Amino acid sequence: MILDCSSYAGPCVCGRTHQLETQLVVVEYNAIAKFEQYMQQVGLADKRRVVVYDSLIYELTQGKHIRADQEIVLPAQGLRSEDVLIEEMMTRLDRPEVIVAYGAGTIMDFGRYPAYKLGIPFVAVPTLASSDGFTASICSVILQGQKKSIRMKAPTLVVADLDIIQGAPVRLVTSGINDILSKYISLADWKISALVSGEDYCPMVAGLAEDALRIMRQAADEMAATGRIDYEAMTMAQMKSGLTMQLWENSRAASGAEHLMAHLVEMHPPRFESAEGIHGECVGVGTYAAVKEYHRLAALQPTAKPFQPLSRDWVLEKFGPRLCEGILEENAEDVLASLDPQQVVAHWPEIQQIIADIPSPEEMEALYRAVGAKYLPQHIGIDPALEAEMLPISAAIRNRLTLIRLCRILDFEPSQAR
Ligand SMILES: [Zn+2]
Ligand SMILES: [Zn+2]
């Protein structure tokens, strides 16, 4: 399957003109055999080329390497996306005109970051499809000791060879399913925010995320029923979801209340010290918790509650002294402050309708179990007793409007009408 991305870029019904660095996404069996042809198609075949691998992938993909003017093989042991390591590699670059990153998520940042700094294009050859970051421009990198997500460069071309991708462990497949099923929540959060706060919304970008969700849901249902893994569909779903982050210049369509669970796990606040899981697994736990909570709330009738900033005492208690200042800083200009809680209450019937489109907790649980995906707190080392607190705590990590954050300006009473 080949996706020509040009149709997404340009003037849009939302009023914006969308930009897209990615021109072509190839998801095929034995795609590497035609790599030079695809490079030709995007005008990069004759550029002086550096290809970056890690040592593990270099071994695993013997016979599938690509032509290079310079080859860099980084030691897989201890490799992480960090400025000092990437800049050390950059000192070894020999006049590249294009960088090809060949591997998993970490190695992508060794393409994305130097390409951005040097102002040259970057090409991605992903070796797994466990998350939707490959077609995004966002670099999750440690800068001066702090983990940051910043916009850098998106790949001009993505060549995903399914012969390589199908060799990845099944745990990465289910993690990838989770990363896309999370769009049930992220899209609901975006729609709710557009409704109550007038946040910009794009039906085309949301539609692309919905498309990714539909493709993944179908593939997950098939895997649940027959055990067959449709690598082509699942990989394309990841690629499409990643494109939404480029088109919208942030991760709004792809990341809502549920994705903050992954941040929570990475931050290890008090009581979450032993939480551990790969990105999609943490997101799966966040998604299932949010699915349950959103349906529970939809059955209730809220009343307005005046806005109160997060208190230092609460933040200190939940995040501890190490993380407290950063969380307070993130919430200094709380998106809730400018909202009229009464307006949120007035929109409640529409919010209930948005939530009605989210599958029920029973349906989600059956699917997670059938494909062997992680979805409960104890699956990622979180005490189930913390379940009720996970979402409100993680909602404080990012000043982005989600239904969970909105609960701070709402009081809920069980509806008499139901
Ligand atoms: Zn648009
Ligand atoms: Zn994700």
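All values derive from a computational prediction rather than experimental measurement. (Residues numbered from 1 in each chain as written. Chains lettered and ligands numbered in written order. Predicted model: local features only at pLDDT ≥ 70, side-chain atom pairs only at ≥ 80, totals over all residues. Heavy atoms only, no water.)

Caption draft 1: Region of the structure containing the overall build of the protein. Summing up its helical and strand segments, the protein has 17 helices and 13 strands in all. A compact globule built from 418 residues should have a C-alpha radius of gyration of about 22 Å, and the protein, at 22 Å, falls within 12% of that. By residue count, 56% of the 418 residues in the protein fall in the buried class. Of the roughly 17,400 Å² that the protein leaves accessible, carbon and sulfur atoms contribute 50%. The averaged location of the 54 negative side-chain charges in the protein is 2 Å from the averaged location of its 38 positive side-chain charges. (Helix = DSSP H or I, 4+ residues; strand = E, 2+ residues; numbered from the N terminus. Rg over C-alpha atoms; globule rule 2.2 N^0.38 Å. Buried < 20%, exposed > 50% of the residue type's maximum accessible area, 1.4 Å probe, protein only. Areas by Shrake-Rupley, 256 points an atom, 1.4 Å probe, with all protein chains shown as cover. Lys, Arg positive; Asp, Glu negative; His and termini not counted. Charge placed at Lys NZ, Arg CZ, Asp CG, Glu CD.)

Caption draft 2: Structural view of the domain arrangement of the protein. Domain annotation for the protein reports domain 1 (2–167) and domain 2 (171–414). On the side of domain 2, 32 residues touch domain 1, which itself brings 34 residues to the contact. Of the roughly 2,800 Å² buried at the junction of domain 1 and domain 2 (both faces included), carbon and sulfur atoms supply 66%. The interface formed by domain 1 and domain 2 includes three salt bridges. (Domains from an automatic or database assignment. Contact = heavy atoms within 4.5 Å. Buried area = accessible area lost by both parts, 1.4 Å probe. Salt bridge = Lys/Arg side-chain N within 4 Å of Asp/Glu carboxyl O.)

Caption draft 3: Summary view of the coordination of the zinc ion (ligand 2). Bound to the zinc ion (ligand 2) on the protein side are Asp179 (OD), His259 (NE2) and His279 (NE2), at distances that span 2.1 Å. If you list the donors of the zinc ion (ligand 2) from N- to C-terminus, the spacing comes out as D-x79-H-x19-H. One end of the pair, His259, is in the loop between helix H9 (231–248) and helix H10 (260–267); the other, His279, is in helix H11 (residues 279–298), with 20 residues separating them in the sequence. With a relative accessible area of 6%, His259 lands in the buried category. (Donors = N, O, S within 2.8 Å, 3.2 Å for Na, K, Ca; no water.)

Caption draft 4: Expanded view of the coordination of the zinc ion (ligand 1). Protein ligation of the zinc ion (ligand 1) involves Cys12 (SG), Cys14 (SG), His18 (NE2) and Cys202 (SG), the donor distances falling in the range 2.0 to 2.3 Å. Of note is the zinc ion (ligand 1), whose four donor atoms meet at the metal with angles of 106 to 115 degrees in an arrangement that counts as tetrahedral. Each donor residue of the zinc ion (ligand 1) belongs to the same chain, with the gaps between them written as C-x1-C-x3-H-x183-C. In terms of burial, Cys12 and His18 fall into one category: buried. (Tetrahedral: all angles 85-135°; square planar, octahedral: opposite > 155°, others 65-115°.)

Caption draft 5: Looking closely at the nonpolar core. Ranked by size, the top nonpolar core spans 128 residues in total, and within it Ile177, Tyr294, Ile382, Leu403 and Leu406 carry the most contacts. With eleven residues, the top contributor of residues to this core is helix H8 (residues 203–226). Here this core gathers at least three residues from each of two domains, domain 1 (2–167) and domain 2 (171–414). Once you skip the residues sitting within four places of it in the chain, Ile382 turns out to touch Met261, Val265, Phe272, Ala275, Pro377 and Met390. Of all hydrophobic cores here, the second largest spans 23 residues; its members include Leu24, Val26, Ile66 and Val100. (Core = buried A, V, L, I, M, F, W, Y, C linked by side-chain atoms within 4.5 Å.)

Caption draft 6: Region of the structure containing unusual backbone geometry. For Glu249, which is not glycine, the phi dihedral falls at a positive 65 degrees. Residue class for Glu249 comes out partly exposed when judged on its relative accessible area of 38%. Here the phi dihedral of Arg271 falls at roughly 80 degrees; this positive angle occurs in a residue that is not glycine.

Caption draft 7: Structural detail: the pairing of strand E10 (residues 146–151). Strand direction decides the pairing type here: strand E9 (residues 138–143) and E10, joined by six bridges, are antiparallel. When the sheet's bridge partners are listed, Ser140 is paired in E10 with Ser149. Here E9 folds back onto E10, and the loop between the two strands holds two residues, one of which, Gln144, carries a positive phi near 45 degrees. (Pairing = 2+ DSSP bridges.)

Caption draft 8: Up close: the environment of Val291. Residue placement: Val291 occurs in helix H11. Along the sequence, Val291 and Gly105 sit 186 residues apart, while their C-alpha atoms lie 28 Å from each other. With sequence-adjacent residues up to four places away left out, Val291 is seen in contact with Ile185, Ile358, Pro359, Ser360, Pro361 and Met364.

Caption draft 9: Just the side chain of Asp179, in detail. Its place among the elements puts Asp179 in helix H6 (residues 170–181). Lacking a salt bridge, the buried Asp179 has Lys183 as its closest oppositely charged neighbour, with an N-O distance of 4.2 Å. Those residues within four positions of Asp179 in sequence are excluded, and the remaining contacts are Ser130, Ser131, Asp132, Gln238, His259, His279, Gly280 and Val283.

Caption draft 10: Broad picture of H10. For H10, the full list of buried residues reads Leu260, Met261, Ala262, Leu264 and Val265. Packing partners of the buried residues in H10 comprise H11 and helix H16 (387–395).

Caption draft 11: Region of interest: the side chain of Asp211. By the secondary structure assignment, Asp211 is in helix H8. Polar side-chain contacts of Asp211 include one of 2.7 Å to the side chain of Lys240. (Polar contact = N/O pair within 3.5 Å; in protein donor to acceptor, adjacent residues only side chain to side chain.)

Caption draft 12: Broad picture of the packing of H11 against helix H14 (residues 348–356). Running from amino to carboxyl end, H11 crosses H14 at an angle of 140 degrees, the nearest separation of the two axes being 9 Å. One element, H11, and the other, H14, form an angle in the oblique class. Regarding H11 and H14, the two cross each other, and that crossing is left-handed. In contact with Tyr294, His295, Leu297 and Ala298 of H11, H14 contributes Trp348, Gln352 and Ile355. Residue composition of the contact of H11 with H14, grouped by class: five nonpolar, two polar and no charged. (Axes fitted to C-alpha atoms, helices over the stretch in contact; angles between N-to-C directions. Parallel < 35°, antiparallel > 145°, perpendicular 65-115°, else oblique. Left-handed = near helix turned anticlockwise from the far one by under 90°. Nonpolar A, V, L, I, M, F, W, Y, C, P; charged D, E, K, R; others polar.)

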